[in-house]
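# Descriptive structure summary
Residues per chain are reported as follows:
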Amino acid sequence: MYKEVTAKKFDFASIKGISTSQLKQHYKLYEGYVGKTNRMFEKLEDINNYKNPNNTYSSIRSMQLGQSYALNGVKLHEFYFDNMGDNNIPYGNILNLINRKYGGFDVFMEKFKSVGMAVRGWVVLALDSIDEEIHIFGCDSHDVGSIWYSYPLLVMDVYEHAYMIDFGINRRRYIDVFFQNIDWKKVNKRLDKALR
């Protein structure tokens, strides 16, 4: 029996420069991923869907691909919505790691923003638990480019649905506004949890 995923609630009141309309439309898309994830979990309970497996086309192959896409869509959106808010000045352990790895916050910010312009889906600052370093990863899709055994610390959505209502095709402006809304307290909490 699977455990149903429920959509988390986020407080968008402190986000500046991104309209409530944009955020609500984006949130509605996230709710769709929650629904599809639950549908996939339900279908994966049925043993009949595991019959006649084939790596070109089969029910189980399609469901596995759908599951990873939908579930990562849920998780990445939750990280994204949650890491926006107040506490917009970088500080603490995350700033120390950024300064050590990149030689300064401005260098990190330039690299992170550049990845945001270069990929089609997501930019993730993650702590890799093998080399115990932070890395900037770019992903074109929810389930393409993710790095196993890494813990997401800061997540930015760069799909068009994240900014088109407010920014049209001006992704660079959206990325600048996103950076003004990073809640570094939450990023530090994620880092502390990952280090534990």
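In case you missed it, the structure is sitting above this.
First things first, this report covers the structure right here in the doc. The structure displayed is predicted, hence computed values, not measured ones. (Residues numbered from 1 in each chain as written. Predicted model: local features only at pLDDT ≥ 70, side-chain atom pairs only at ≥ 80, totals over all residues. Heavy atoms only, no water.)

### Side note on the packing of aromatic side chains
Selection criterion: Two rings from Phe, Tyr or Trp (for Trp, the six-membered ring) form a pair when their centres sit within 6.5 Å of each other. Planes less than 30 degrees apart are called stacked, planes more than 60 degrees apart edge-to-face, and all others tilted. Counting from the N terminus, the helices are the DSSP runs of H or I reaching at least four residues and the strands are the DSSP runs of E reaching at least two. Each residue's exposure class comes from its accessible area (1.4 Å probe, protein chains only) as a fraction of the maximum for that residue type: buried when under 20%, exposed when over 50%, partly exposed otherwise. Only lysine NZ and arginine CZ atoms are considered, and such an atom sits over a ring when it is within 6 Å of the ring centre and within 35 degrees of the ring normal.
What the rule picks out here adds up to 24 aromatic pairs. Measuring from centroid to centroid gives 6.0 Å for Y33 and Y69, while their planes differ by 65 degrees, and the two rings are edge-to-face. Here Y69 lies in helix α2 (residues 59–82) and Y33 lies in helix α1 (residues 20–44), a separation of 36 residues in the sequence. Its relative accessible area of 29% is what places Y69 among the partly exposed residues. Measuring from centroid to centroid gives 6.4 Å for Y80 and W122, while their planes differ by 75 degrees, and the two rings are edge-to-face. Of this pair, Y80 sits in helix α2 while W122 sits in strand β1 (residues 122–128), and the two are 42 residues apart along the sequence. The exposure class assigned to Y80 is buried, which follows from its relative accessible area of 0%. Above the ring of F179, the side-chain terminus of K113 is found at 5.3 Å from the ring centroid.

### Observations regarding the packing of helix α3 (residues 92–102) against helix α7 (residues 184–195)
A pair of packed helices is captured by two measures, namely the crossing angle of their axes and the spacing between those axes. Just so we agree on the cut-off: Axis geometry follows a simple rule: fit a line to the C-alpha atoms, using only the stretch in contact for helices, then measure angles between N-to-C directions, giving values from 0 to 180 degrees. Reported orientations rely on four angle classes, namely roughly parallel under 35 degrees, roughly antiparallel over 145, roughly perpendicular from 65 to 115, and oblique for the rest. Residue contacts follow a heavy-atom distance rule, with two residues in contact if any of their heavy atoms lie within 4.5 Å. Gly counts as polar in this scheme, as do all residues outside two lists: the nonpolar Ala, Val, Leu, Ile, Met, Phe, Trp, Tyr, Cys and Pro, and the charged Asp, Glu, Lys and Arg.
It is the contact of α3 with α7, at a shortest axis distance of 7 Å, that shows an interaxial angle of 80 degrees. The angle between α3 and α7 falls in the class roughly perpendicular. Where α3 approaches α7, its residues G92, N93, I94, L97 and I98 are matched on the opposing element by W184, V187, N188, L191 and D192. Split by residue class, the contact of α3 with α7 holds six nonpolar, three polar and one charged.

### Here we look at the pairing of strand β2 (residues 134–139)
Convention followed: In short, DSSP must find at least two bridges between two strands for them to pair.
Counting buried positions over the six residues of β2 gives five, a clear majority of the element. With six bridges connecting them, β1 and β2 associate as antiparallel partners. Residue V123 lies in a different strand from β2, and its bridge partner there is G138. Taken together, β1 and the strand that follows it, β2, pair antiparallel across an intervening segment of five residues, in which E132 is found at a positive phi of about 55 degrees.

### A short note on the pattern of salt bridges
As a reminder, the rule being used: Here, a salt bridge means any Lys or Arg side-chain nitrogen found within 4 Å of an Asp or Glu carboxyl oxygen.
Considering all chains together, one arrives at seven salt bridges under this definition. Two residues, K8 and E78, come together in a salt bridge whose shortest N-O distance is 3.7 Å. Here K8, found in the segment before α1, pairs with E78, found in helix α2; they are 70 residues apart in sequence, far enough to count as distant. With a relative accessible area of 46%, K8 lands in the partly exposed category. Overall, the relative accessible area of 14% leaves E78 in the buried class. The shortest N-O distance in the salt bridge between R120 and D140 comes to 3.6 Å. With R120 in the loop between α4 (105–118) and β1 and D140 in the loop between β2 and β3 (150–157), this pair connects stretches of sequence that are 20 residues apart.

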